[in-house]
Amino acid sequence: METKNIMIVGVGGQGTLLTSRILGGIMLSAGYDVKLSEVHGMAQRGGSVVTYVRYGDKVAEPIVEEGCADVLIAFERLEALRYAHFLKKNGVLIVNDQRIDPMPVVTGAAEYPENIIENLSKDYKVYSIDAQSEALKMGNAKVFNIIVLGLAAKHMDFSKEQWLKVIEETVPPKTIEINKAAFIKGFEF
Amino acid sequence: MLGNAAIARGAYEAGVKVSAAYPGTPSTEISENLVNYKEIYCEWSPNEKVACEVAIGASMAGVRSMCSMKHVGLNVASDPLYSVSYIGVNGGMVLVVADDPGLYSSQNEQDTRMIGRASMVPVIEPSDSQEAKDYIKYAFELSEKYDTPVIMRTTTRLGHSQGLVTLEERQEIPDKPYEKNIQKNVMMPGMAKKRHVFVEERLKKMAEDGASMPINRIEWGDKKIGFITSGIAYQYVKEVCPDASVLKLGLLNPLPKTMIADFAKEIETLYIFEELEPVIEEQVRAMGIKCIGKEAFTIQGEYSANMLRKVLKGSEPETKAAEVPARPPILCPGCPHRSVYTALKNLKIHAAGDIGCYTLGAVAPLNVVDTAVCMGSSISTLHGMEKAKGKDYVKNWVAVIGDSTFLHTGVNSLMNMVYNKATGTVMILDNSTTGMTGHQDHAATGKTLMGEPTYAIDIYNLCKSMGIEHVVEVSSFDQVALTKAIKEETARDEVSVIICQAPCALLKGQKFPNVCKPLPEKCKKCGACLKPGCPALTKNADGTVSIDVTMCNGCGLCKQMCKFDAIECVER
């Protein structure tokens, strides 16, 4: 099988690491060779963060490069725009419809781009969800990332049961139920 | 398994008994994983020099030992490194040193292989998680066989990537007997002269043996183009040219020169593909071998498969990046540093900065920090300024340094200020942890890496014991107290210390019962609350503000900034 490339992008602190671990977990359980690459350290402090997940028969490099991603999962609109060119033509773009102003926007040095999702839809298959609101409705704002993962999972080759099993094995025991419910919310969106 | 977790696993399997480290991205997770193996004693040392010396002592005592650090940490540890190169080992000793091409979280892009060459210490480099585990085990074998410390060099991309790893059992290595041997273990000129001869011989022997080491291998393929490469760069070569001939080097110092010559003479066009400095390339050229290296590939930053594709095939990715506002890292909502910097900014005080999250005080909107050199440098740079320009010059300056950085090397600089009769105010930003690297304990937190309660060094009394009369403690969130302390202490003609206390907002086990709430009816739309740049606050279209309840932890800084009581702090 040709190596498949997935990217998760967002703002430091949004939980990209947990999401990538679930992704890595499901690919391992399906018997693929998997490589993941993450960002730690200073970049995690509210900066733009990116995680790469690659799987296939034999994976060499751990990063995904421009024009190579099959699926891009963006936890924030501006980050979707920043990394969209990593997608292949007609790649799948999953966007959490949330706006977090970066410091240059806060200080007035730059403007937050308008109509991001509409513009990206011209070049890519875009699926968006306001996962923040959905998560708040569920009573736990933190699980929005798993809702977004659920939506992305619809466009990947694993069954709902496989996903739920990996979530159970990956998240902290106390949060298994809420994370499973969040995943289903996104999967059935 | 994360590369860094694989290194820890490899150390465990190699029978390591002692490990010491100071946290530093991208090496921190090595120790954080080692602590899961109960057979290994592991510690956070106050700095990398101490960590290296702990490992040297353990090796002298006859057990396998290691220390780990980021690339710049090796500068701190280079004093013992250059000596232990001469001394060699009893039990095997490995230094894991993590370089940061692309500067994800560092102040420079130095190449550890150069330090390996300068200190005449062998350097090995793995290219994925499996090799990270296998190579560190091999490093201990090399260390004991050749009587040398060994550096295992990694990079951010290797340490922070995950790949499949096959686990093995731990080897129990019997302790080697300790024998007094001052000719080997005491580096005085007479002894060191003889050891220098040994060190040169050792490197020569290793270079000769390199061809038979399993970590150096030739993968023959198409001989029209060939690559000499190592580490993560090897993966990019395999991605772009799976059929090319490759000499994959695991031993980077000394280079296996006969192996290189044998490989090169079969290859039509030879590329040297190595991140950072042209360490392999310059040595290959010195052998009279034609090759393509840094004229095609940059010295700066991280490599990628696309970069290699571009050089070999002239192909650019079809898609183009959109122009979007940057998103640089920022201080977290509820970060105590933001509050301290707000007080300094209001008083128009310059800060000599240091290494930690608080270096972010250099950029907008705070713009308080003027300098950042290296760990512990804030205090001594302030001192240098005072000696250059006189007492009055530093009255609108302070040094800012975190608690962990203060104990790392800042404490030496403070001693220097006292000794040399300095004027100047040092602000220790005590957030009870090593923040930026992800919350590691240190000598003042009262807990060891292995989770045991321990004596917590009292920073206040440490400063007092140096003879500093004015040491004041304030809450980092109390703007009134901060302002008063900064005004009073910077006015003095002597050394003074302000310890600003409040735990890091991300430190576990804290409860944040309160949350800040805007009162739009009282709001005068002046924007004062927005000035500190808390990400929980956003300006509404009508000029009032919103506060994101999921981000706010009720620190109250915005409330203190508001002169019109238009923000209240309420129970969540």
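Structure: above.
Just so it is clear, the structure is predicted and the values come from calculations on it, not from any experiment. (Residues numbered from 1 in each chain as written. Chains lettered and ligands numbered in written order. Predicted model: local features only at pLDDT ≥ 70, side-chain atom pairs only at ≥ 80, totals over all residues.)

Draft legend 1. Spatial organisation of the overall build of chain A. Of regular secondary structure, chain A possesses eight helices and six strands. Taken from N to C terminus, the helices and strands of chain A fall in the order β-α-β-β-β-α-β-α-α-β-α-α-α-α. Compactness check: chain A gives a C-alpha radius of gyration of 16 Å against a globular reference of 16 Å for 189 residues, within 12% of the reference. Overall, chain A is about 50 × 40 × 35 Å in size when its C-alpha atoms are taken along their principal axes. Taken across its 189 residues, chain A has 55% of its residues classed as buried. (Helix = DSSP H or I, 4+ residues; strand = E, 2+ residues; numbered from the N terminus. Rg over C-alpha atoms; globule rule 2.2 N^0.38 Å. Buried ≥ 20, exposed ≤ 12 C-beta atoms within 10 Å, placed from the backbone.)

Draft legend 2. Broad picture of the environment of Cys357(B). As for its placement among the helices and strands, Cys357(B) is situated in the loop between β13 (350-352) and β14 (369-371). Sequence separation of Cys357(B) and Ala21(B) is 336 residues, and the distance between their C-alpha atoms is 20 Å. If sequence neighbours within four positions are ignored, Cys357(B) has contacts with Arg45(A), Leu331(B), His337(B), Gly435(B) and Met436(B). (Contact = placed C-beta atoms within 7 Å.)

Draft legend 3. Examining the interface of chain B and chain A more closely. Contacts between chain B and chain A engage 41 residues on the former and 43 residues on the latter. Sorting the residues of the side of chain B that touches chain A by element identifies β7 (161-162), α11 (231-240) and α14 (305-313) of chain B as the ones contributing at least two each. No other element matches the four residues that α11(B) contributes to the side of chain B that touches chain A. Its residues assigned to classes, the side of chain B that touches chain A comprises 21 nonpolar, 14 polar and six charged. (Nonpolar A, V, L, I, M, F, W, Y, C, P; charged D, E, K, R; others polar.)

Draft legend 4. Up close: the pairing of strand β6 (residues 150-155) of chain B. All names here are of chain B. Where burial is concerned, most of β6 is hidden: six out of the six residues are buried. Of the two faces of β6, the one holding Val150, Met152 and Thr154 and the one holding Ile151, Arg153 and Thr155 are both buried throughout. Relative to β6, strand β4 (residues 93-99) runs parallel, the two being bridged by six bridges. Paired with Asp99 across the bridge in β6 is Thr155. Looking at chain direction, strand β5 (residues 123-124) and β6 are connected through two bridges and run parallel. (Pairing = 2+ DSSP bridges.)

Draft legend 5. Local environment of the nonpolar core. Within the largest apolar cluster, 150 residues are counted, with the highest numbers of intra-cluster contacts made by Ala51(B) and Ala55(B). Sorting elements by how many residues they give to this core places helix α3 (residues 48-61) of chain B first, with eight residues. Each residue touching Ala51(B), except ones within four places of it in the same chain, is listed here: Ala20(B), Ala21(B), Tyr22(B), Ser45(B), Cys67(B), Met69(B) and Ala77(B). Ranked by size, the runner-up nonpolar core spans 64 residues in total, among them Leu72(A), Val92(A), Ile146(A) and Trp163(A). (Core = buried A, V, L, I, M, F, W, Y, C linked by C-beta atoms within 7 Å.)

Draft legend 6. Quick peek at the environment of Val549(B). Residue and element names in this part refer to chain B. Along the chain, Val549 falls in the loop between β21 (545-547) and α20 (557-561). On the basis of neighbour counts, which here come to 14 C-beta atoms within 10 Å, the residue Val549 falls in the partly exposed class. Along the primary structure Val549 and Val18 are separated by 531 residues, whereas in three dimensions their C-alpha atoms are 45 Å apart.

Draft legend 7. Structural view of the sheet that holds strand β15 (residues 397-402) of chain B. All names here are of chain B. Spatial strand order, β14-β13-β15-β16-β18-β17: six strands in an open sheet with parallel pairing. One side of each edge strand has no neighbouring strand; the edge strands of this open sheet are β14 and β17 (470-475). For this sheet, the mean angle separating the axes of adjacent strands, direction not counted, is 30 degrees. In the sheet, β17 pairs with strand β18 (residues 495-501) via six bridges, with the strands oriented parallel. Paired with Ser475 across the strands is Gln501, a residue of β18. Sheet strands in contact with helix α17 (residues 403-419) are β15, β16 (424-430) and β18, and its direction is about 140 degrees off that of β15. (Axes fitted to C-alpha atoms, helices over the stretch in contact; angles between N-to-C directions.)

Draft legend 8. Fine view of unusual backbone geometry. The peptide bond linking Thr25(B) to Pro26(B) adopts the cis configuration, its omega dihedral lying at 10 degrees. Tracing the backbone through its elements, the reader meets Pro26(B) in the loop between β1 (18-21) and α2 (28-34). With an omega dihedral of -5 degrees, the bond running from Asn253(B) to Pro254(B) counts as a cis peptide bond. Examined against the element boundaries, Pro254(B) turns out to sit in the loop between β11 (251-253) and α12 (257-264). Phi angles above zero are rare outside glycine, and Asn90(A) is one such case at about 70 degrees. Along the chain, the position of Asn90(A) falls in strand β5 (residues 87-96). In this model, Lys421(B) sits at a positive phi of 55 degrees, which is unusual for a non-glycine residue. Here Lys421(B) is to be found in the loop between α17 and β16.

Draft legend 9. Highlighting the packing of helix α6 (residues 144-153) of chain A against helix α8 (residues 176-187) of chain A. Residue and element names in this part refer to chain A. Look at α6 against α8: their axes get within 6 Å of each other, and the N-to-C directions meet at 45 degrees. With respect to α8, the element α6 is oriented oblique. Here α6 runs over α8; the crossing is right-handed. Counting all contacts with α6, which are made through Ile146, Ile147, Val148, Leu149, Gly150, Leu151 and Ala153, the residues of α8 involved are Asn179, Ala182, Phe183, Ile184, Lys185, Gly186 and Phe187. When the residues that make up the contact of α6 with α8 are grouped by side-chain class, the tally is ten nonpolar, three polar and one charged. (Parallel < 35°, antiparallel > 145°, perpendicular 65-115°, else oblique. Left-handed = near helix turned anticlockwise from the far one by under 90°.)

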